[in-house]
Structures are given as C-alpha cells and as structure tokens.
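A look at the structure
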Amino acid sequence: MAAIFKERLHMFKASDLLPQNPVLWDLYTRKEEYSSLKRDKHDKFIYSYGTYQDILDPAVSKFLIQNGITYSYPDNKLFAVCLTHDVDEIYPPREHMILSSLTCLENMDFSELKRQIFWKIGGKEKSPYRSFKKILDLEEKYSACSSFYFLATSSDILRFRYDIEDLEDELRMITERGWEVGLHGGYYAFNNLEEILQEKRRLEQVAGHQVSGYRNHYLRFHVPDSWELLKKAGFRYDTTLGYNEMAGFRNGMCHPFRPFNLRTGNEIDIIEIPLAVMDSTLFDSARSYDEIWAVVKRVIDTVISCKGVLCLNWHNDIFNCPYKNIREIMYEKILHYCDSREAWMTSGENICTWWEKNEY
C-alpha cells in the first residue's frame with residue numbers, strides 16, 4: 001500500500017500541486033513577467049525588477065519535495081549537474097590580445113605570449129578560443145560530459161562573431177565523443193520564430209544531426225512567448241531562464257520543469273533546465289576568489305539538499321585565456337567538489353532525456 005501511495009505521489013506534477021499555494025504558483029510561472037513593462041536595454045526582465053529577491057532559495061522546489069514529489073538519478077547519484085558552455089567567441093577580440101599579452105609579460109611567460117599574439121600565422125584553427133578538446137579532456141577526467149551552444153547567425157549587436165561552417169570538425173569531434181551540440185540563439189532570434197528556425201537548420205547542416213537544446217544569447221527571453229516559439233521550432237529543452245547579474249533560482253526551481261502558460265492554461269511541451277550559475281555573473285561582480293567560491297558552494301549545497309539539478313554555464317573562451325585563468329581554476333574546483341558529492345555531471349540533452357523518461 002505504501003509503495004502504491006508513493007507511486008501516486010510521483011505521478012503528480014508541479015502544475016497539480018503548486019496552485020494550492022498562490023504565492024509559489026506565481027513565482028513558478030513568473031506571473032509578474034507577463035505584465036511588467038520594465039525591461040533593460042536588451043529588452044530583458046532582470047533581477048532587480050522582480051519581487052522575489054531571495055534568489056538563492058529554491059522555494060518552489062522545496063515545496064514540491066515537502067508535498068511528496070521525489071527525484072532520482074542514474075546510478076543512485078545524489079543530484080545532477082548540467083554542464084554547459086556558451087560559445088560566444090571563437091576568435092579573440094582586441095581586448096583579449098591586450099590583456100592576455102600584459103598577463104603573459106607580468107608572468108614572464110614568453111611561450112604563451114607568442115601563442116596569444118601570433119596564432120593567426122598558423123590559421124584560424126590555431127585560435128586560443130578553440131579550446132574544445134581541452135574542455136572535453138578536463139570533464140572526462142571527472143566522468144562528466146557537457147553541452148556546447150553554438151551561434152549560427154551573422155547578425156550580432158556587438159560585432160561579427162564567427163561562421164559556424166568553420167567549426168565543422170570541432171562539432172563532429174564533440175558529438176563523436178558523446179558531448180552535446182546545441183544552438184546558442186542569436187541576439188535577434190529570441191522573439192523571431194523564422195530566425196530561430198533558420199539558425200537551427202544552419203547548425204544542423206554543419207553538425208550533421210538534429211539539435212534539441214537551446215540557450216539564447218545575452219539570456220534574452222520573454223515569458224512565456226520564448227518557450228512557445230522554441231516548442232514550435234522543435235526544441236526539446238531550453239536553458240535560458242536565469243539572470244545575467246545574479247546566481248540563483250529565477251522561478252524558485254532547482255529542478256527542470258515543463259513551463260505553464262497562464263494565457264492558455266496549459267503546460268508547454270518543452271523542458272526548461274533553469275540556469276543557476278554563470279562564470280561572468282560571478283567574476284564580474286564578486287570581489288575575491290573566496291567570495292565567488294562561497295556563493296558557488298552555497299548554491300551547490302542547496303541543490304544537493306533538494307536532490308536537484310544545478311545548471312552551470314562556463315564560456316569556452318576562458319580555458320585558454322591568461323587573464324581569465326582563475327575562471328578555469330574555479331571550473332575544475334566545481335567539478336572536483338561535485339564529483340566528491342556524488343553528482344551526475346552531464347549534458348542538457350541527457351538531463352532532458354532522463355526527465356522525459358521519468359515524467360517529472
């Protein structure tokens with residue numbers, strides 16, 4: 001009898017339980033974002049505009065657990081970590097050249113200085129930002145894999161980034177080793193279905209297979225419209241829902257979920273893996289390495305206590321970047337700590353497949 005009761009609890013969804021608590025239901029659905037006219041210069045709803053300021057508390061996930069929803073992971077792992085990398089840059093901009101050169105000179109590292117300055121002599125493939133094999137090897141050391149979200153557009157608010165066609169060999173290598181290639185939607189794509197479809201087709205043509213995962217550039221996102229567009233475009237999951245300026249849980253969830261559209265009264269047939277921690281968020285605002293680690297560890301430990309999923313975004317360009325070396329060190333520290341706490345560290349695609357299989 002107890003087993004039957006437990007199974008019935010497992011069958012309940014967030015949309016079944018949360019309406020009992022109007023405050024948490026509004027947080028979960030991001031109701032305030034439907035009507036808010038506040039947007040930053042990138043047309044985004046940012047942390048300071050929201051009423052939910054206790055961003056490091058996954059209040060919605062805690063409520064679901066308290067009301068009987070249970071979560072499990074392969075090999076009886078205690079929690080999951082969704083490792084992701086936004087590939088914003090392939091070729092170092094001028095700022096990189098200057099800062100990396102100064103760092104190399106300060107460290108008297110003339111071999112690295114030569115590599116950072118003269119990489120163009122060897123051709124585009126020698127760019128220090130083409131660090132994919134290094135990232136894969138590092139993650140493999142911890143029995144982990146990850147997702148790489150690539151741009152497939154020629155339009156950008158800042159400058160031309162790269163042609164995805166130049167990366168065909170890297171995309172094939174990433175896929176063949178069991179990692180994921182996903183789409184990093186262009187700056188102008190988040191509210192444009194035709195642009196999303198065009199970028200998706202372009203990436204798939206180069207990758208040689210369909211892609212199922214998505215995150216938009218600059219984290220541009222409109223609730224619930226962006227989810228509806230991505231569903232129509234054929235994506236299985238998104239991982240844009242987070243804040244550029246704050247680590248934490250934007251809708252109180254440290255678990256993937258199927259978004260609920262308050263306008264239609266229905267769940268949207270796509271899985272959201274909410275973004276909790278991003279390298280630039282931490283390093284652009286914190287004062288010290290110890291302060292950054294304290295925030296990261298707090299988020300990880302919170303996710304562990306909820307048997308949740310921690311979604312990380314660590315950009316590819318920091319892995320061969322002398323003046324950002326501390327970010328690479330932090331990434332490995334996170335991998336080591338999560339591995340020691342029995343985490344399933346994997347790609348967004350694998351998380352999505354597990355969620356679909358278990359009907360959470």
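Residues numbered from 1 in each chain as written. Predicted model: local features only at pLDDT ≥ 70, side-chain atom pairs only at ≥ 80, totals over all residues. Heavy atoms only, no water.

Digging into the pairing of strand 10 (residues 309-313)
Where a strand is regular, its side chains alternate between the two sheet faces. Our working definition: Only protein chains enter the accessibility calculation, which uses a 1.4 Å probe. A residue is then buried if its area is under 20% of the maximum for its type, exposed if over 50%, and partly exposed in between. Secondary structure elements follow DSSP: runs of H or I no shorter than four residues count as helices, runs of E no shorter than two count as strands, and numbering proceeds from the N terminus. Strands were regarded as paired on the criterion that DSSP finds at least two bridges between them.
Counting buried positions along strand 10 yields five of five residues, so the element is predominantly enclosed. Taking every second residue as pointing to the same face, both faces of strand 10 are buried, with Val309, Cys311 and Asn313 on one and Leu310 and Leu312 on the other. The pairing of strand 1 (residues 79-87) with strand 10 spans five bridges and is parallel. The residue of strand 10 that forms the bridge with Thr84 is Asn313. The pairing of strand 9 (residues 277-278) with strand 10 spans two bridges and is parallel. Opposite Val277, over in strand 10, you have Leu312 as the bridge partner.

Quick notes on the packing of helix 8 (residues 132-141) against helix 9 (residues 168-176)
What counts is decided by this rule: Lines are fitted to the C-alpha atoms to define the axes, a helix being fitted only along its stretch in contact, and any angle between axes, read from their N-to-C directions, falls within 0 to 180 degrees. The labels follow the angle: roughly parallel below 35 degrees, roughly antiparallel above 145, roughly perpendicular from 65 to 115, and oblique for the rest. Contacts: residue pairs with any heavy atoms within 4.5 Å of one another. All amino acids are sorted into three groups, where Ala, Val, Leu, Ile, Met, Phe, Trp, Tyr, Cys and Pro are nonpolar, Asp, Glu, Lys and Arg are charged, and the leftover types, Gly among them, are polar.
Where helix 8 meets helix 9, the axes come as close as 10 Å, and the angle between the chain directions of the two elements is 10 degrees. Put simply, helix 8 runs roughly parallel to helix 9. Note on element contacts: helix 9 touches helix 8 through Glu170, Met173 and Ile174, opposite Phe132, Lys133 and Leu136. Taken together, the residues of the contact of helix 8 with helix 9 break down into four nonpolar, no polar and two charged.

Some words on the side chain of Asp317
Turning to its location among the elements, Asp317 is positioned in the loop between strand 10 and helix 14 (325-340). Residues in contact with Asp317, not counting those within four places in the same chain, are Tyr129 and Lys324.

A closer look at a nonpolar patch on the surface
How we decide: The patches described consist of residues with a relative accessible area above 30% and no salt bridge, like charges being joined within 9 Å and nonpolar side chains (Val, Leu, Ile, Met, Phe, Trp, Tyr) within 5 Å. For the accessible areas, the method is Shrake-Rupley and the probe is 1.4 Å, while residue cover comes only from the protein chains on display. We define a salt bridge as a contact between a side-chain nitrogen of Lys or Arg and a carboxyl oxygen of Asp or Glu at a distance within 4 Å.
The grouping of Ile98, Leu99 and Leu102 at the surface amounts to a nonpolar patch, some 250 Å² of accessible area in total. For Leu102, the position within the fold is in helix 6 (residues 94-106).

So, the layout of surface pockets
Operational definition: Note on definitions: the grid is 1 Å and covers protein atoms alone; a cavity is a set of points where a 1.4 Å probe fits but cannot get out; a pocket is an open set with protein on both sides within 12 Å along at least five of seven lines; lining residues have an atom within 4 Å of a point. Grid points are joined across faces, edges and corners, and a volume is the space filled by probe spheres set on the points.
As a volume, the largest pocket reaches approximately 780 Å³. Contributing to the lining of the largest pocket are 33 residues, with Asp88, Tyr218, Ser280, Asp284 and His315 lying nearest its centre. Of all the elements in the fold, those that place two or more residues in the lining of the largest pocket are helix 6 and helix 12 (279-283). Ranked by residues supplied to the lining of the largest pocket, first place goes to helix 12 with three residues. Classifying every residue of the lining of the largest pocket by side-chain character gives nine nonpolar, ten polar and 14 charged. By volume, the second largest pocket is sized at about 180 Å³. If you go around the second largest pocket, the residues you meet are Leu56, Glu245, Met246, Ala247, Thr281, Leu282, Ser285, Ala286, Glu291, Ile292 and Val295. Elements supplying a minimum of two residues to the lining of the second largest pocket: helix 12 and helix 13 (289-305). No other element matches the three residues that helix 13 contributes to the lining of the second largest pocket.

What about the confidence of the model for the protein chain?
Note the threshold: Summary of the metric used: pLDDT quantifies the predictor's per-residue confidence within the range 0 to 100.
For the protein chain, per-residue confidence averages 91 on the pLDDT scale, and residues scoring 70 or more make up 91% of the total. Note that residues 1-10 has pLDDT below 50 and, in this model, six contacts with residues that lie over four places away or in other chains.

Thoughts on the pattern of salt bridges
Under the definition given, this model contains 25 salt bridges. Arg161 is the partner of Glu89 in a salt bridge, and the nearest nitrogen-oxygen pair spans 2.8 Å. Of this pair, Glu89 sits in the loop between strand 1 and helix 6 while Arg161 is found in the loop between strand 2 (147-150) and helix 9, placing the two residues 72 residues apart along the sequence. A salt bridge links Glu165 to Arg202, with the nearest nitrogen and oxygen atoms 2.9 Å apart. Taken together, the residues span a long stretch of sequence, with Glu165 in the loop between strand 2 and helix 9 and Arg202 in helix 10 (residues 193-207) at a distance of 37 residues. Connected via shared salt-bridge partners are Arg30, Glu32, Glu33 and Arg250.

A closer look at the pairing of strand 3 (residues 180-185)
The criterion, for reference: Whether a crossover is right-handed depends on one test, that the path from the first strand over the helix to the second runs clockwise when the strands point away from the viewer.
Burial of strand 3 is extensive: six of the six residues sit out of reach of the surface. In this fold, the crossover linking strand 2 to strand 3 by way of helix 9 has right-handed handedness. Inspection of the sheet shows strand 3 paired to strand 4 (residues 213-216) by three bridges, in the parallel sense. Bridging from a neighbouring strand, His184 pairs with Arg215 of strand 4.

Re the packing of helix 8 against helix 14
Our working rule: Working rule for handedness: look at the near helix, and if it is turned counterclockwise from the far one by less than a right angle, call the crossing left-handed; if clockwise, right-handed.
Look at helix 8 against helix 14: their axes get within 10 Å of each other, and the N-to-C directions meet at 30 degrees. As the angle between them shows, helix 8 and helix 14 are arranged roughly parallel. In terms of crossing hand, the pair formed by helix 8 and helix 14 is right-handed. Every residue of helix 14 that contacts helix 8 at Lys134, Leu138, Glu139 and Lys141 is listed here: Glu328, Tyr331, Glu332 and Leu335. In terms of residue class, the contact of helix 8 with helix 14 is built from three nonpolar, no polar and five charged.

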